[in-house]
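# Commentary on secondary and tertiary structure
So you can see what is in the structure, the chains are spelled out below.
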Amino acid sequence: MQYFSTNRQSPSVNFAEATLAGQAPDKGLYFPQSIPSIPTNILQNLASIPSIELAVTVLQPYVKDCIPQPILEEMVAATIDFGFPLIPITDKIASFELFHGPTLAFKDVGARFMSRCLGYFNRGNERLTTVLVATSGDTGGAVANGFDGVEGVEVIILYPSGKVSPVQELQLTTCGNNITALEVSGNFDDCQAMVKQAFLDVDLAKAYQLTSANSINVARWLPQQLYYFFALQQWQHAEPPIVSVPCGNFGNICAGLLAQKAGLPIELFLAACNANDVIPRFMQTGKYDPITAIATISNAMDVGNPSNFIRILEMFAGDKAALSQALESDSVSDTDTISTIKKVYFDDGYILDPHGAVAYQVLDNYLTAHANKKGFFLATAHPVKFPEVVEQAIGVPLPIPEKIQPLFSKQKTSIAMAPSFGVFKEWMLRF
Ligand SMILES: *Cc1c(COP(=O)(O)O)cnc(C)c1O
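Residues numbered from 1 in each chain as written. Predicted model: local features only at pLDDT ≥ 70, side-chain atom pairs only at ≥ 80, totals over all residues. Heavy atoms only, no water.

Our focus in this paragraph is the site of the ligand. Near the ligand there are 15 residues, and of these Lys107, Asp138, Gly248, Asn249 and Thr380 occur at the shortest range. A distance of 2.5 Å separates an oxygen atom of the ligand from a polar atom in the side chain of Lys107. The separation between an oxygen atom of the ligand and a polar side-chain atom of Asp138 is 2.8 Å. Its residues assigned to classes, the shell around the ligand shows seven nonpolar, six polar and two charged. (Near = heavy atom within 4 Å. Polar contact = N/O pair within 3.5 Å; in protein donor to acceptor, adjacent residues only side chain to side chain. Nonpolar A, V, L, I, M, F, W, Y, C, P; charged D, E, K, R; others polar.)

In structure tokens form, the structure reads like this:
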């Protein structure tokens, strides 16, 4: 499979090259030259196919000239060694829980797969690959965990001091090994600006082989398709589902659209946003007006200029009518997000995190207007990662899942960093 840049000003590359580069040199995003269809016999027997086999079938066409099948099988098996349960909440709405991975966030799958790809592509290479990533909380933990101990790869994570939850901070700062956490005395936008500038810096490009670990990277983006296949394996109704996805950078939903193009029966995607409503407004007006990100309680979705939307436009070749057939979008305020967490807890005994709550609400609104439909939403993070908001809404403390209890006896190690590219660059050149 070749990948072309959405800006069409740089040459097509293979999967390994696209993974190592992250973004294309012309600042476009890499996109696969074709979207492979899933064989009909697989789609017809979806429920009975073991998840690793299914995952290899889906991913193989995307990587096959760069990763031999047995290696791909190993990578996939190591990536998805936990469950993805679809839990009914009402007779019409189910929660697709993507938070059973090591850091309790859906980003685990992408980060774990990408780290294994980088490790594999970098084998025998004397030069380290350095992954640079800015996080508002969730990405950093998944990346730290996914890359922990991967040979030939160094990871530097920038996070805003005091603005991530205690669990998130421990996940970021306790790996040691090849993971370095920089605690920036600023906000997420500062961290992101520092990382973006680093990728453009000539001196750093000489000193480091830099790559990103956000959903711009094909190796993190493409495996997210698997979720949708795993959900459909468990979907019990005859009619295809309405699928509501909590969106930030639009990587996850864009992967879902790929799965649908590959043949997976999904009736409609709902792109659920918080106050950062650039795409809901685009779908209404046809105008794409990026904004400066607004801080909300679903902070992993606080994105004012979603990178992956360009890939969605690419997929529909600018055909607005076809896009509207496949995707609708709506936004939910913080006040309504809190009411939803309360309502679903007191009515149905289910605890939502703020991101899942946004997606729940958008789905519920849609199903209220379309009485005979059913669907599921993606629960992208465990509620315990956002304890303040959730505990206040439901009025009871959240138990800490056993999986993350060992974190609390670990020692935080971070390096304080001013929110200045100059200071950061100097540190990098000495590192
Ligand atoms: C990253 C993240 C999202 C948004 O996913 P995108 O692929 O960026 O749209 C939603 N929820 C949680 C919990 C996240 O960490």
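Don't stop here, the text continues.
Our next topic: the sheet that holds strand β7 (residues 179–184). Read across the open sheet, the five strands follow the order β8-β5-β6-β7-β13; overall the sheet is parallel. Among the strands making up the open sheet, the edge pair consists of β8 (209–212) and β13 (415–417). Looking at each pair of strands side by side, their axes are set apart by 30° on average, direction ignored. Pairing of strand β5 (residues 129–134) with strand β6 (residues 153–160), which is carried by six bridges, proceeds in the parallel orientation. Along β6, the bridge assignment pairs Thr130 with Glu154. (Pairing = 2+ DSSP bridges. Helix = DSSP H or I, 4+ residues; strand = E, 2+ residues; numbered from the N terminus. Axes fitted to C-alpha atoms, helices over the stretch in contact; angles between N-to-C directions.)

What follows covers the pairing of strand β12 (residues 375–379). Looking along a regular strand, one sees side chains alternate from face to face of the sheet. Of all five residues in β12, five are buried, a share of seventy percent or more. Neither face of β12 is open: one carries Gly375, Phe377 and Ala379, the other Phe376 and Leu378, and all of them are buried. The pairing of strand β9 (residues 242–246) with β12 spans three bridges and is parallel. Within β12, the residue paired with Val243 across the bridge is Phe376. (Buried < 20%, exposed > 50% of the residue type's maximum accessible area, 1.4 Å probe, protein only.)

This part is about the side chain of Ser244. Locating Ser244 in the fold gives a position in strand β9. Assessed through its relative accessible area of 0%, Ser244 is described here as buried. Polar contacts involving the side chain of Ser244 include one to the main-chain carbonyl oxygen of Ala359, which spans 2.8 Å. When sequence neighbours within four positions are dropped, the list of residues in contact with Ser244 reads Leu270, Ala272, Ala359, Val362, Leu363, Phe376, Phe377 and Leu378. (Contact = heavy atoms within 4.5 Å.)

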